[in-house]
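The residues making up each chain are set out below.
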Amino acid sequence: MKARVVALVALAAAVTLTSVAAAGLDAAKQRVAIDLKLWPQKTFVFTPLQAGSLKPDSGTISHTFLSITPRDVMRDGQKVTIFDGGVATLTGKRGILTTRERTEWVHLERDGNGDGENDTIAIGTWKVVRGTGQYAGVVGKGRNAHVGLGNPWYARYEGLLSSP
């Protein structure tokens, strides 16, 4: 009988500790948004969307998005251009955040006359590669949306980041 009670208490303690540890991991995640003006301004604004250790920031952007060789696929008759592996380095007042992303672009004919004057939109994913300052040790990922791929070119990242 005593062995059962001891086993039950040990099991309850293990479940409680596991639950607390898992809750702690979720609580450490901070929802953020990053608004980017990729061209011509090359600036960003980092905005925490909930309380946490990461604070608002802003600064400049350098990126490799246009040096990536894209690949085209057809999806239900629509051409989709995939850029995989683009890197953005955001240099702010509070540190440097480097991200890698994958985006899928579709082209919109501006006036429908087939002259090739297009606007483009994209959705994709991003993840943290490395950071310094307030971004040192930060991990996380999220989704993104782009519009432009020319002049102007804007993007927004939203996601969950965890600080050490």
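This text follows the structure it describes.
Okay, so let's go over this structure.

Criteria and cut-off values
- Residues numbered from 1 in each chain as written.
- Predicted model: local features only at pLDDT ≥ 70, side-chain atom pairs only at ≥ 80, totals over all residues.
- Heavy atoms only, no water.
- Salt bridge = Lys/Arg side-chain N within 4 Å of Asp/Glu carboxyl O.
- Buried < 20%, exposed > 50% of the residue type's maximum accessible area, 1.4 Å probe, protein only.
- Helix = DSSP H or I, 4+ residues; strand = E, 2+ residues; numbered from the N terminus.
- 1 Å grid on protein atoms, 1.4 Å probe; cavity = no way out; pocket = protein on both sides within 12 Å on 5 of 7 lines; lining within 4 Å.
- Points joined across faces, edges and corners; volume = space filled by probe spheres on them.

### Examining the pattern of salt bridges
- Per the stated rule, a full pass over the model turns up six salt bridges.
- For Lys79, the salt bridge is made with Asp72, and the minimal N-O distance between the two is 3.8 Å.
- Residue classification places Lys79 among the partly exposed positions, given a relative accessible area of 41%.
- Between Arg75 and Glu104 there is a salt bridge, and its shortest N-O distance comes to 2.4 Å. In this pair, Arg75 is assigned in strand S4 (residues 71-75) and Glu104 in strand S6 (residues 96-109), connecting sequence segments 29 residues apart.
- A network of salt bridges, in which partner residues are shared, links Arg31, Asp35, Arg156 and Glu158.

### A closer look at empty space enclosed by the protein
- Scanning the entire structure with this criterion turns up one cavity of 30 Å³ or more.
- Put simply, the largest cavity is a space of about 70 Å³.
- Lining the largest cavity are ten residues, and of these Phe65, Phe83, Glu101, Thr103 and Trp105 lie nearest its centre.
- Of all the secondary structure elements, the ones that give two or more residues to the lining of the largest cavity are strand S5 (78-92) and S6.
- Counting residues per element, the lining of the largest cavity draws most heavily on S6, at three residues.

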